[in-house]
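# Examining the three-dimensional arrangement
So the chains spell out like this:
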Amino acid sequence: MLRTADPKVVVGALRVAATSVLLAMAVSCAGEPLSYPFDGERALAYAGQQMGFGPRVPNSQAHRRTGDWIIEHLTTRADTVQVQAFEHSAADGTVLALRNIFARFNLAATDRILILAHWDSRPVAEKDPNLLNRERPTPGANDGASGVAILLGLADELVLAPPAIGVDLLFVDAEDYGDFASGTDVLIGSRHFAENLPEGYSPRFALLLDMVGDADLEILKEGYSANRAATVTAQIWARAAELGLEDEFVDRVGQPIVDDHLPLLDAGIPAIAVIDLAYVSEDGLNYHHTQHDTLDKLSALSLAKVGTLVLSLVRDPPATGSVP
């Protein structure tokens, strides 16, 4: 069931607006490249706040506190914040208490777009080169916190200048809990959302952000997106080129990736994944699903570039979201 949080108040919105202006002034003085209208430094700070809670593994205190913080942040910005609370019985017998968080802007608009990211982090670091680290949870800076940081920054922008189109921000839970090889206990939140869509919900398209803060950003057209939502994929990469982001959004199809866009595609929503899986050090160390996925690997400039593209899509959406 979707539950609506307490509505925002005018004083809270005004406080947010004033804070945003002050932050923008501070960033300008600090020399952040203002050719990108999305505030990458603020997004990086949001990633840091998530990391401060600790690994956001379902059923942990860090997971609960992070979810509460996301809801609190959105309640003073969005028109409504709906919490989809549910339980999932994992294959190992653990009952997970989970929450999808759904923030909506311009509720009167029937023409809508959906932007999403997962807010949990992985309970095991099975790719870590140190065998002793593999049973520890991942920090989840890029894998989780980066996408959430951009969505929170987008909420800041939308409260200052409400969108002409309906915009929904979805924070899905438990993407990273289980075994991707078998498909067991993964994409739990997005699957639950796709199976319990709001009545009549049919956005133009859905855009998933995952692993988008890497300092060496190279985002290919994800394989399932390019095949099953080809029109949307082409439009978004064309927009990136218009914005001068062709070095970051490479016009080449990459491998298909199991991620939170797949349940939405299966539900008939044109959904694409924006993800950079080439998350490695200069000497080839893979950071993905390791203890090395830490805040120092993220770049405010990368977050600014991805956020700028998303903000452009929100302000001036592509003409069509249909699957060819």
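Small disclaimer: the values here were computed from a predicted structure and weren't measured.

## Comments concerning the overall build of the protein
Tallying secondary structure elements over the protein gives nine helices and nine strands in all. Long-range contacts, defined as pairs at least 24 residues apart, comprise 78% of the intrachain contacts of the protein with a sequence gap of at least 6. Element-wise, carbon and sulfur atoms account for 54% of the exposed surface of the protein, whose accessible area totals about 13100 Å².

## Thoughts on the confidence of the model for the protein
With 88% of its residues at a pLDDT of at least 70, the protein reaches an overall mean of 90. Here residues 1-33 scores under 50 on pLDDT; set against residues more than four positions off or in separate chains, the count is 44 contacts.

## Some remarks on helix α7 (residues 230-242)
The α-helix winds at 3.6 residues per turn, so residues separated by three or four positions along the chain end up facing the same way. End to end, α7 covers 18 Å across 13 residues, agreeing with the expected 18 Å (1.5 Å per residue, within 8%). Of the positions making up α7, those classed as buried are Val 232, Thr 233, Gln 235, Ile 236, Trp 237, Arg 239 and Ala 240. Structurally, α7 contributes buried residues whose contacts are with β6 (206-210), β7 (219-221), α6 (223-228), β8 (249-253), β9 (271-275) and α9 (300-315). Note on α7: the residue one or two positions beyond its end, Gly 244, has a positive phi of about 80°.

## Here's the deal with the pairing of β6
Burial analysis of β6 places five of its five residues in the buried class, the great majority of the element. Alternating positions in β6 separate into two faces, Ala 206, Leu 208 and Asp 210 on one and Leu 207 and Leu 209 on the other, with burial throughout. Pairing between strand β4 (residues 112-118) and β6: three bridges, direction parallel. Paired with Ile 115 across the two strands is Leu 207, which belongs to β6. Bridge count between β6 and β9: five bridges; the pairing is parallel. Following the sheet pairing, Ala 206 is matched in β9 by Ala 271.

## Describing the environment of Ala 319
With respect to the helices and strands, the residue Ala 319 is situated in the segment after α9. When its relative accessible area of 76% is taken as the criterion, Ala 319 is described as exposed. As for Ala 319 and Arg 204, which are separated by 115 residues in sequence, their C-alpha atoms are 9.1 Å apart. Aside from chain neighbours lying at most four places away, what touches Ala 319 is Arg 204 and Gln 235.

## Overview of the packing of aromatic side chains
Within the structure shown, the criterion is met by seven aromatic pairs. Considering the side-chain rings of Tyr 46 and Trp 69, the 6.4 Å spacing of their centres and the 65° angle between planes classify their relative orientation as edge-to-face. Of this pair, Tyr 46 sits in helix α2 (residues 40-53) while Trp 69 sits in helix α3 (residues 61-75); the two residues are 23 residues apart in sequence, bridging distant segments of the chain. Just as Tyr 46 is buried, Trp 69 falls in that class too. With a centroid separation of 6.3 Å and 85° between ring planes, the pair formed by Phe 193 and Tyr 201 is classed as edge-to-face. On the basis of relative accessible area, Phe 193 is assigned to the buried category, the value being 1%. Every member of this aromatic cluster is reached through a ring pair, and the members are Tyr 46, Phe 53 and Trp 69. Positioned over the ring face of Tyr 287 is Lys 297, at 4.8 Å from the centre of the ring.

## Concerning unusual backbone geometry
The backbone of Asp 185 shows a phi angle near 60°, a positive value even though the residue is not glycine. What makes Asp 185 buried here is its relative accessible area of 11%. Phi at Met 211 is positive, roughly 60°, even though this residue is not glycine. Along the chain, the position of Met 211 falls in the loop between β6 and β7. Residue classification places Met 211 among the buried residues on the basis of a relative accessible area of 1%.

## Quick word on the pattern of salt bridges
Taken as a whole and judged by the stated rule, the model has 16 salt bridges. Residue Arg 77 pairs with Asp 156 through a salt bridge whose shortest N-O separation is 2.5 Å. Residue Arg 77 is found in the loop between α3 and β2 (80-89), and its partner Asp 156 is found in helix α4 (residues 141-160); the two are separated by 79 residues along the sequence. This pair shows no difference in class: Arg 77 is buried, exactly as Asp 156 is.

## Focus on the side chain of Asp 39
Position of Asp 39 relative to the elements: it lies in the loop between α1 (10-30) and α2. There is no salt bridge for the buried Asp 39, and the closest opposite charge comes from Arg 42, which lies 4.1 Å off by N-O distance. Of note is the side chain of Asp 39, whose polar atom sits 3.2 Å from the backbone nitrogen of Glu 41. At a separation of 3.0 Å, a polar atom in the side chain of Asp 39 contacts the main-chain amide nitrogen of Arg 42.

The rules behind these values
- Residues numbered from 1 in each chain as written.
- Predicted model: local features only at pLDDT ≥ 70, side-chain atom pairs only at ≥ 80, totals over all residues.
- Heavy atoms only, no water.
- Helix = DSSP H or I, 4+ residues; strand = E, 2+ residues; numbered from the N terminus.
- Contact = heavy atoms within 4.5 Å.
- Areas by Shrake-Rupley, 256 points an atom, 1.4 Å probe, with all protein chains shown as cover.
- pLDDT = per-residue confidence, 0-100.
- Expected span 1.5 Å × (residues − 1).
- Buried < 20%, exposed > 50% of the residue type's maximum accessible area, 1.4 Å probe, protein only.
- Pairing = 2+ DSSP bridges.
- Phe/Tyr/Trp six-rings, centres within 6.5 Å; stacked < 30°, edge-to-face > 60°.
- Lys NZ or Arg CZ within 6 Å of the ring centre and 35° of its normal.
- Salt bridge = Lys/Arg side-chain N within 4 Å of Asp/Glu carboxyl O.
- Lys, Arg positive; Asp, Glu negative; His and termini not counted.
- Polar contact = N/O pair within 3.5 Å; in protein donor to acceptor, adjacent residues only side chain to side chain.

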